[in-house]
Amino acid sequence: MAIKQLTVFVENKQGTVVSITDTLAKNNINLRALSIAETQDFGILRLIVNDEAAAEKILSETGYLIKMTDVVGVKIGDAPGKLTAALKVLDENDINVDYLYAFMARTEKHAYVVLRVEDNCKAEGILEDAGFHLITKEDIDKI
Amino acid sequence: MAQNYYQKEIETMPIEEMKKLQSEKLVKQVKHVYENVPYYKSLMDEKGVTPDDIKSIDDLHKLPFLTKADLRDAYPYGLLAKPLEDCVRLHSTSGTTGRRVVAFYTQHDVDLWDDCCARAIVAVGGSKKDVCQVAYGYGLFTGGFGLNGGAHKVGCLTLPMSSGNTERQIQFMTDLQATILCCTPSYAAYIGEALKEQGYKPEDIPLKAGIFGAEPWTEEMRQSIQDTLGIKAYDIYGLTESTGPGVAFECSEQTGMHVNEDHFFAEIIDPDTGEVLPEGSKGELVFTSLDKEAFPLLRYRTRDICVLSREKCSCGRTLIKMAKPMGRTDDMLIIRGVNVFPSQIETVLLKEGYEPNYQIVVDRVNNNDTFEVNVEMTADKFTDKVSDILAMEKSLAGAMKIMLGINPTVHLVAPKSIARSEGKAVRVIDKRKLV
Ligand SMILES: [Zn+2]
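About the cut-offs
Residues numbered from 1 in each chain as written. Chains lettered and ligands numbered in written order. Predicted model: local features only at pLDDT ≥ 70, side-chain atom pairs only at ≥ 80, totals over all residues. Heavy atoms only, no water. Contact = heavy atoms within 4.5 Å. Buried area = accessible area lost by both parts, 1.4 Å probe. Salt bridge = Lys/Arg side-chain N within 4 Å of Asp/Glu carboxyl O. Polar contact = N/O pair within 3.5 Å; in protein donor to acceptor, adjacent residues only side chain to side chain. Helix = DSSP H or I, 4+ residues; strand = E, 2+ residues; numbered from the N terminus. Domains from an automatic or database assignment. Nonpolar A, V, L, I, M, F, W, Y, C, P; charged D, E, K, R; others polar. Buried < 20%, exposed > 50% of the residue type's maximum accessible area, 1.4 Å probe, protein only. Axes fitted to C-alpha atoms, helices over the stretch in contact; angles between N-to-C directions. Parallel < 35°, antiparallel > 145°, perpendicular 65-115°, else oblique. Core = buried A, V, L, I, M, F, W, Y, C linked by side-chain atoms within 4.5 Å.

Draft legend 1. Geometry of the interface of chain A and chain B. Taken together, the contact pairs 19 residues of chain A with 18 residues of chain B. Summed over both sides, the interface between chain A and chain B buries roughly 1,500 Å², with carbon and sulfur atoms accounting for 69% of that surface. In terms of surface lost to chain B, no three residues of chain A exceed A:F9, A:D41 and A:L65, which account for 40% of the buried area on that side. Taken together, the links from chain A to chain B amount to 3 salt bridges. Notably, a salt bridge pairs B:D384 with A:R116, separated by 2.6 Å at the nearest N-O pair. Along the contact surface separating chain A from chain B lie 6 residue pairs in polar contact (both at pLDDT 80 or more). Those elements that provide at least two residues to the side of chain A that touches chain B are strand 1 (3–11), strand 3 (42–49), strand 4 (65–77) and strand 5 (97–104) of chain A.

The structure is reproduced here in C-alpha cells:
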C-alpha cells in the first residue's frame, strides 16, 4: 500500500537541487512532491515522482546517494483541521511521525500528505479505520 | 608457536649485557665516524663534542642529529666512512623529492643486514625447510635484496621473484609450494585478491606466513590479508638510511616490532626540541647505527612518529619493541596543543565502517583552533532521517575524541565531494598557515 519516496543526499551548495530537478525533467520524470530537510552541513531531498525506478537509476548514475523509502500517503480534504485530525489519531495510537510534507492536487479539491513513520502497515490501518483515504501508486500516476 | 631464534644469545640477551655491548660498539663507532667522516666531525665540533665525551650508550644524547637534508647535502660521498674500494654494494631511496640518497655497504654491512632479516624470518617460524618467495623489488630498493639475504642465511629455498607479474607469482607460489611471502602489504593484498578470483580458498594456498613492510598499513589491512591468504601477516621495519628492512621485525605476538638494537640503537625524541623522551612516550624515532662500517649514520632522524617499549614479550626476546609508526612528523598537525595524525582519523573511519575519504580542516578563530573533519557519506549508511545522520556525525566525533584526545566537529558530506588533486585527495587544509 505504501508509496515510494526517493531520498537524495545533497550538499548544502547552491544549485544542487536545481541540478537534480533539471536532470529529472530532461528525462521526462514528473515531480509530484518535493521537500527538503536542511542542516548546516547537508540537505536531504525527498521526492515523489511518477517513475521512481527510472529516477533512481538516473540520479545514481549521476553520482548521487539515493535511498528508496516507503512512506504513507494520505488524502486530506481541503478544509481546516483535517490534517490535525489525521495526526491526532496517529498520536493517540502511539505512532511517531518522523517527518511529513503536504502537496496539493492540481484538479481535485484535495491536499495530500506524505508521512514517514516506523511501521507503515500499522499507521495505514489506523488512518483507514478513522476514515481517511490512503493514496496508492495509481493515485500518484493520476495526480 | 615454539620459539626459535636465529641468534638466540643476542635476541634474548639480558638488558644490562645488551647495554654493555651497545656502549662498547658506540664508543668505537663514534671514533670511526669522527676520524673518517669530515661532515659529521664538523657537526660534532660545532656542538663541542669529541669522541672522548662518549663513554657509554648513556652519552648518545650529546651527539648531533643527522636529517634527510644532511644526506642530500652530503650526496654522494659526504657521509661515506670507508674507502670506496672496501664497499661492495649501493642502495638508494626512490627520491621523490630533491636529490636521491645513496647508502654504501661493505661485506660486513651486508652480512649484518642479512642477519637482521634472518632473525625476522626465523621469528615468524621460518627455517631451512621453508620456501621463501621474495616479491619485493630487487634493485636500488632495499626490499628484495634484504629479504633475499635473510632467506639465504636461514637456508630457505629462496624464490627471487621481485615485484610484479602477478600471474607468475601465483604460478611459482602454487607449483613450488611457497610457505613464506615477503612483499609490501599492498602487493600481498593484491596477490590475495588475484588468488581469490582464480578460485583459491585460503586453505588451498601453501603460504603460512608473510613478512610485509616498506609502507604503512593498518591492523584492518593485516586482518584482511590474513583472512584472504590464510596466513599470519607480520610487519617489518627499515629504512635505506639505516640499512633496509630488518631494522625491526615482528614476532609471533604481533604487537609491535623488536628492534635489532645490537646494531641499531633507537631513541624517541621530541620533534620540536630534540630532547630525548622517556620510554613509552610518543615522538620521533631516531636511529644510531652501532657497527655498520661504510655508511654509519649516528642519530638519524627518521621522521617516523612512534613509541618504544621494553615490556616483557611472550616470545622470549629481550630486544626493545617499537610500535607501528603512527605517522610522519611531516604529516603531524598540532591542534589545541595535541598531536594529530591523519592516519589516526583513517583508522577510526575504517573501524566505524566508513570509507577512508576524509578531509581535515583546521583554522584559528579568536585564538582558538577549530578542528573539523569532513567525511564522505556512504551508500549503506545513508538514511532519509536528519536525526539519524546527525547522530552518526556525533558518534564519529566521539570515536575520534577517544582516539585523539580532542573533539572534532564531523560533517558528513556527499560522496566524491572532497577535493582531489591529481587523483589524490587533499587530506589536510590548515588555514592557520595562511595568516
Ligand atoms: Zn616478541
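Having put the structure on the table, let's press on.
Draft legend 2. View of the domain arrangement of chain B. Residues and elements named next belong to chain B. If you check the domain split of chain B, you get domain 1 (1–327) and domain 2 (333–430). On the side of domain 2, 8 residues touch domain 1, which itself brings 7 residues to the contact. When domain 1 packs against domain 2, the two sides together hide about 550 Å² of surface, and 59% of this comes from carbon and sulfur. It is E220, K282 and M326 that lose the most area in domain 1 upon contact with domain 2, and together they represent 64% of the buried surface on that side. There are 0 salt bridges connecting domain 1 and domain 2. Our count for the domain 1 to domain 2 interface comes out at 1 residue pair in polar contact (both at pLDDT 80 or more).

Draft legend 3. Just the domain arrangement of chain A, in detail. Residues and elements named next belong to chain A. The assigned domain composition of chain A is domain 1 (3–69) and domain 2 (71–142). Inter-centroid distance (C-alpha atoms) of domain 1 to domain 2 is 22 Å. Taken over both partners, the interface formed by domain 1 and domain 2 buries close to 1,200 Å², and the fraction arising from carbon and sulfur atoms is 57%. On the domain 1 side of the contact with domain 2, I3, R32 and R46 bury the most area, a combined 50% of that side's loss. Between domain 1 and domain 2 we count 1 salt bridge in total. Counting across the interface, domain 1 meets domain 2 through 4 residue pairs in polar contact (both at pLDDT 80 or more). Taken together, the elements giving at least two residues each to the side of domain 1 that touches domain 2 come down to strand 1, strand 2 (31–38) and strand 3. When residues of the side of domain 1 that touches domain 2 are assigned to their parent elements, the largest contribution, 4 residues, is made by strand 3. Its residues assigned to classes, the side of domain 1 that touches domain 2 comprises 5 nonpolar, 4 polar and 3 charged.

Draft legend 4. Examining the pattern of salt bridges more closely. Residues and elements named next belong to chain B. Applying the stated criterion across every chain yields a total of 28 salt bridges over all chains. Salt-bridge contacts for K62 lead to D59; the nearest nitrogen and oxygen are separated by 3.1 Å. Taking the relative accessible area as the measure of exposure, K62 reaches 32% and is therefore partly exposed. Ionic pairing is found between K324 and D235, a salt bridge with its closest N-O pair at 2.7 Å. Here K324 is found in the loop between strand 13 (321–322) and strand 14 (327–328), whereas its partner D235 is found in strand 7 (residues 232–239), with 89 residues between them in sequence. You can call K324 partly exposed: its relative accessible area is 25%. Here the salt bridges share partners, and the residues they tie into one network are R364, D369, D430 and R432.

Draft legend 5. Representation of the packing of helix 5 (residues 107–123) of chain B against helix 6 (residues 142–154) of chain B within the structure. All names here are of chain B. For the pair helix 5 and helix 6, interaxial distance at closest approach is 7 Å and the crossing angle is 75°. Compared by their axis directions, helix 5 and helix 6 come out roughly perpendicular. Counting all contacts with helix 5, which are made through D111, W113, D114, D115, C117, A118, I121 and V122, the residues of helix 6 involved are T142, F145, G146, L147, G149, G150, A151, K153 and V154. Of the residues belonging to the contact of helix 5 with helix 6, the class tally is 9 nonpolar, 4 polar and 4 charged.

Draft legend 6. Seen up close, the nonpolar core. All names here are of chain B. Counting residues in each nonpolar core, the largest one holds 77 residues, and the members touching the most others are Y40, L63, Y237, L285, F287 and M322. Excluding anything up to four places from it in sequence, M322 contacts Y237, A248, G256, M257, V259, L285, F287, C306, V307 and L308. Listed in part, the 32 residues of the second largest apolar core include V373, V386, A397 and V410.

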